[in-house]
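# Summary of the model geometry
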Amino acid sequence: MLTLGTALAFGGAAIAAGFAGVGSALGVAVAGEAAAGVMSEDPDKFGNVLVLQAIPGTQGIYGLLIAFIILLNIGAVGGDLKELTTFQGIAMLLAGFPIGLVGCISGYTQGRVAACGISLTGKRPEETGKGITFAAMVETYAVLALLISFLMVNGIKL
Amino acid sequence: MKKVNLFAMIENRDAILSALQKTGNVMFVPTADDKVLPHASEVADEAAKASDAIKFLEQHATGKASLLAPKLQVPYEKFKQPTDRSKDLTDQVQALSEKIASLRNEAETMRVQVEKLEPWLSLDVPMEELKPTENTETFAGYIADGSLDKLKKDLEPLTCELVPMGNTAEGQAVVVMAYKDDAEQVKHFLKACDYVDFVFPKRTGTAKEVAADLTAAAEEKDRLAAELEAESVKIASKKDSLCVYYDQLKAEGQRMTSSGQETEKTFHMQGWCRADREASVKEEIAHVTDVYDLTFADPGPEDIPPSVVENSKIVTPYQAVTDMYSIVHSGAFDPNPILAPFFCCFFGIMLSDAGYGVVIAIFFLAALKIFKLQGFAKKLFLVIGMGGLSTVFWGAMFGGWFGLTWHPFMFEPMKEPLKMLILCYALGAFHLVSGMCIKIYVETKRGNAKGAFLDTGSWLILFAGLFIWGMGTPFGKYIAELGAAIIILFGDRENKNIIGRLFGGLYKLYGISGYLSDLLSYSRLFALGLATGVIAMVINTVAELLWKAGPIGIIVAILLLIGGHTFNIIINILGAYVHSSRLQYIEFFGKFFEGSGRAFKPLALETKYTDVTK
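Below: a short report on this structure. Bear in mind that the values here come from a model prediction, so they are computed numbers and not experimental data.

### What about the overall build of chain A?
- The secondary structure content of chain A amounts to five helices and zero strands.
- The helix and strand sequence of chain A, counted from the amino end, reads α-α-α-α-α.
- Once the C-alpha set of chain A is aligned to its principal axes, its extents read approximately 60 × 25 × 20 Å.
- Considering chain A as a whole, with its 158 residues, one finds that 49% of them fall into the buried category.
- The long-range share in chain A, meaning contacts at least 24 apart out of those at least 6 apart in sequence, stands at 87%.
- With the model as given, the accessible surface of chain A reaches about 6,800 Å², and the carbon-plus-sulfur share is 70%.
- Put simply, chain A has 7 plus and 9 minus side-chain charges, and the middle of one group is 8 Å from the middle of the other.

Right, dumping it as structure tokens:
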């Protein structure tokens, strides 16, 4: 039987993968628009620009990762669904929040920084590395949120 | 670095510069009195022409050379002599490309005309006859869509004939032949329907005939263009000589960038040369001529010499990481030998999958050998390749093999996250302390031992005390307090006011929060390692589910395993490289690095298509 706790745990997975995915989608899109603009001037920069566009994609992966661990722990992957108590379920739900929330916002903002990095590449291709570094600074908080989400999920004894 | 002053005869200039360019030991610095050499722009134009010719051949015949394709090997003796043949070839290709372009252009124009004639094809009167006669006037053009019925009604009482033609995006095509007396009125009604005149091509015959003629002519032009393109395929085999020609011109152009100060017969140039290459530079010039004067001097206080760092073979690739941040300032501490092991180690932990490490090491190190990469690409591939080896090590420690767990030598980070975090912070602390030690070393060497001890050493005492205390020895508390006391008392020692000085010191002590955030930043080592491992696990789990679904499932599962792991490797190489770099730039360099140096860019052979061999 599906308990309320198990259902809440699904909510945690949904928040982690869903919101972080939204952030990455927005970020990659913003960066992609800028990339297409640079491409119209100089198609040879495709490689550099693509790397920058890929950077905001990681938040979605982090969200997926937490969602997967939650699903794995509650037995949704591979068959035997566990019956969680309500409190266990709430804990799982909350564990999805750090990466869901931070992933959503940092994914989008990182996309904006990456878009600026792409414009930078358009004008000064030799400075691509610095544009990548700027974008990576935004990622820090998604990485920290990922870690906390993971420790939370890992700390819930089922 | 030594300051170089060179005086020689103008007639020998190119020979001297060529000799210097071959070994690339001298960086010339233009002065205010420099002139642009008269032939410089010609050479630049010719180089642009050659470049266009190469691009043309790539587009029409050979296809674009892959970025990783090995460059053409040219012996230096051959490279030295530009040939007229290459110049002729360049002209030939240019003529060919212009001809093809103009033929294609003409064909395109004709096709556009044919398209425009489309609505008029049913007109059986030859076009040249659509002109006013003694008693009639003819209008041929477009009116606004949907106004045909209105026009018909309007024209009914007048002496004229309206023939509707085809309908296009530009409107409804019509031909109106009117009796001269009514022409003005017809014009008026036409105007009310937004009438626009259609200009027929200046040809004779009916629209149908003209369209057929034009189509045939366009096809003929296309055929000619295709023939010429086929001809260019024949020339394509000579593309290599164009590539050599382009690089020769580029090298020549670089020799011509500055003239130095000239008299009627002599010139003077100045620049920089590495101190240990003095003898070699002298020898190279002496080889060309004996009419010269060459002096080497130490940089004066007003000079900012360019900087160059030299490292062992293993450390050199990591200069790419440092140079991306900033060129090390001349005479400052070169961080590369210390950075290299940390970078390599962090890269490995962030990937932490031995299977991936094997793939990365083999792929990048093999690519390096096969494609004979040079410059930045070579350094980058070496850094990632070595990172792959480190990944194998850490993957084995943590038991990660393509997302599966097998016999970890240390522990499984997923199962024991606390241990993993402690490992990350320990490595981070080691990294940070190394940075601080470099700062103490540099300051002490400059004679500022006291400042080094009070500003940086005090923190080390504080941290050492905290560490000993944390390990369970209460005595450590006193050591930590000693460190803190030094910071409070001497942190703001420039301040004359004793109260202000103490508060300044306290504020300095507050800087511990900065160290704390630096240290916490190393938790990314764990998080990124986690990302690699779990995504690999996701791929494996999904593939396993597919595997059970029958024969098609097995095929899809295999594709998923290959594609998924490849994607995971690529995205995580990017992450590991960027975040390892960041830990160096922000956390490590922040402690001691002196950047904003000027790169040493000697006059050298910078070739695009060729590798000049000795």
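This is not the end of the story, as more comes after the structure.
### Section: the interface of chain A and chain B
- Tallying the contact residues gives 28 residues for chain A and 28 residues for chain B.
- Interface area for chain A against chain B, summed over the two sides, is near 2,300 Å², with a carbon-plus-sulfur share of 82%.
- Of all residues in chain A, the largest losses of buried area upon contact with chain B belong to A:Phe68, A:Leu147 and A:Phe150, amounting jointly to 21% of the total for that side.
- Inspection of the region where chain A meets chain B yields zero salt bridges.
- On the surface where chain A and chain B come into contact, there are two residue pairs in polar contact (both at pLDDT 80 or more).
- The set of elements that each furnish at least two residues to the side of chain A that touches chain B consists of helix 2 (46-54), helix 3 (58-73) and helix 5 (128-155) of chain A.

### Regarding the pairing of strand 6 (residues 171-179) of chain B
All names here are of chain B.
- Of all nine residues in strand 6, seven are buried, a share of seventy percent or more.
- By the bridge criterion, eight bridges tie strand 4 (residues 136-143) to strand 6 in an arrangement that is antiparallel. The residue of strand 6 that forms the bridge with Tyr142 is Ala173.
- The pairing of strand 5 (residues 160-168) with strand 6 spans seven bridges and is classified as antiparallel. Across the sheet, the residue bridging to Glu161 is Met177, located in strand 6.

### Some remarks on helix 7 (residues 207-235) of chain B
- Taking 1.5 Å as the rise per residue, helix 7 of chain B with 29 residues should run 42 Å; its terminal C-alpha atoms sit 42 Å apart, in good agreement.
- Where helix 7 of chain B is concerned, the buried positions are B:Ala207, B:Val210, B:Ala211, B:Leu214, B:Ala218, B:Asp222, B:Ala225, B:Leu228, B:Glu229, B:Ser232 and B:Ile235.

### Here we look at the packing of aromatic side chains
Residue and element names in this part refer to chain B.
- This structure, assessed with the given rule, holds 36 aromatic pairs over all chains.
- With a centroid separation of 5.8 Å and an interplanar angle of 65°, the aromatic rings of Phe346 and Tyr522 are classed as edge-to-face. Here Phe346, found in helix 11 (residues 336-351), pairs with Tyr522, found in the loop between helix 18 (512-520) and helix 19 (523-547); they are 176 residues apart in sequence, far enough to count as distant.
- Taking the relative accessible area as the measure of exposure, Phe346 reaches 0% and is therefore buried.
- Classification of Tyr522 as buried rests on a relative accessible area of 0%.
- Between Phe364 and Phe381, the aromatic rings sit 5.0 Å apart at their centres with planes inclined by 65°, giving edge-to-face as the arrangement. Remark: Phe381 occurs in helix 13 (residues 375-398) and Phe364 occurs in helix 12 (residues 354-371); sequence separation between them is 17 residues.
- Among the aromatic residues, those joined into a ring-pair cluster are Tyr325, Phe333, Phe342, Phe346, Phe430, Tyr441, Tyr522, Tyr585, Phe588, Phe589, Phe592 and Phe593.
- The positively charged end of Arg13 is found above the aromatic ring belonging to Phe267, 5.3 Å away from the centroid.

### Topic: the environment of B:Arg13
- Along the chain, B:Arg13 turns up in helix 1 (residues 13-23).
- Through-space distance from the C-alpha of B:Arg13 to that of B:Thr289 is 10.0 Å; in sequence the pair is 276 residues apart.

### Considering a nonpolar patch on the surface
All names here are of chain B.
- Together, Leu489, Phe490, Ile498, Ile499, Leu502, Phe503 and Leu506 line one region of the surface with nonpolar side chains, adding up to about 670 Å² of accessible area.
- Elements with a minimum of two residues in the nonpolar patch: helix 16 (476-490) and helix 17 (498-510).
- Within the fold, Phe490 resides in helix 16.
- On the accessibility criterion, Phe490 (31% relative accessible area) is partly exposed.

### Points about a negative patch on the surface
- A surface patch of negative charge is lined by B:Glu128, B:Glu129, B:Glu209 and B:Asp213.
- The exposure class assigned to B:Asp213 is partly exposed, which follows from its relative accessible area of 44%.

What counts, and at which threshold
- Residues numbered from 1 in each chain as written.
- Chains lettered and ligands numbered in written order.
- Predicted model: local features only at pLDDT ≥ 70, side-chain atom pairs only at ≥ 80, totals over all residues.
- Heavy atoms only, no water.
- Helix = DSSP H or I, 4+ residues; strand = E, 2+ residues; numbered from the N terminus.
- Buried < 20%, exposed > 50% of the residue type's maximum accessible area, 1.4 Å probe, protein only.
- Contact = heavy atoms within 4.5 Å.
- Areas by Shrake-Rupley, 256 points an atom, 1.4 Å probe, with all protein chains shown as cover.
- Lys, Arg positive; Asp, Glu negative; His and termini not counted.
- Charge placed at Lys NZ, Arg CZ, Asp CG, Glu CD.
- Buried area = accessible area lost by both parts, 1.4 Å probe.
- Salt bridge = Lys/Arg side-chain N within 4 Å of Asp/Glu carboxyl O.
- Polar contact = N/O pair within 3.5 Å; in protein donor to acceptor, adjacent residues only side chain to side chain.
- Pairing = 2+ DSSP bridges.
- Expected span 1.5 Å × (residues − 1).
- Phe/Tyr/Trp six-rings, centres within 6.5 Å; stacked < 30°, edge-to-face > 60°.
- Lys NZ or Arg CZ within 6 Å of the ring centre and 35° of its normal.
- Patch = residues over 30% accessible without salt bridge, like charges linked within 9 Å, V, L, I, M, F, W, Y side chains within 5 Å.

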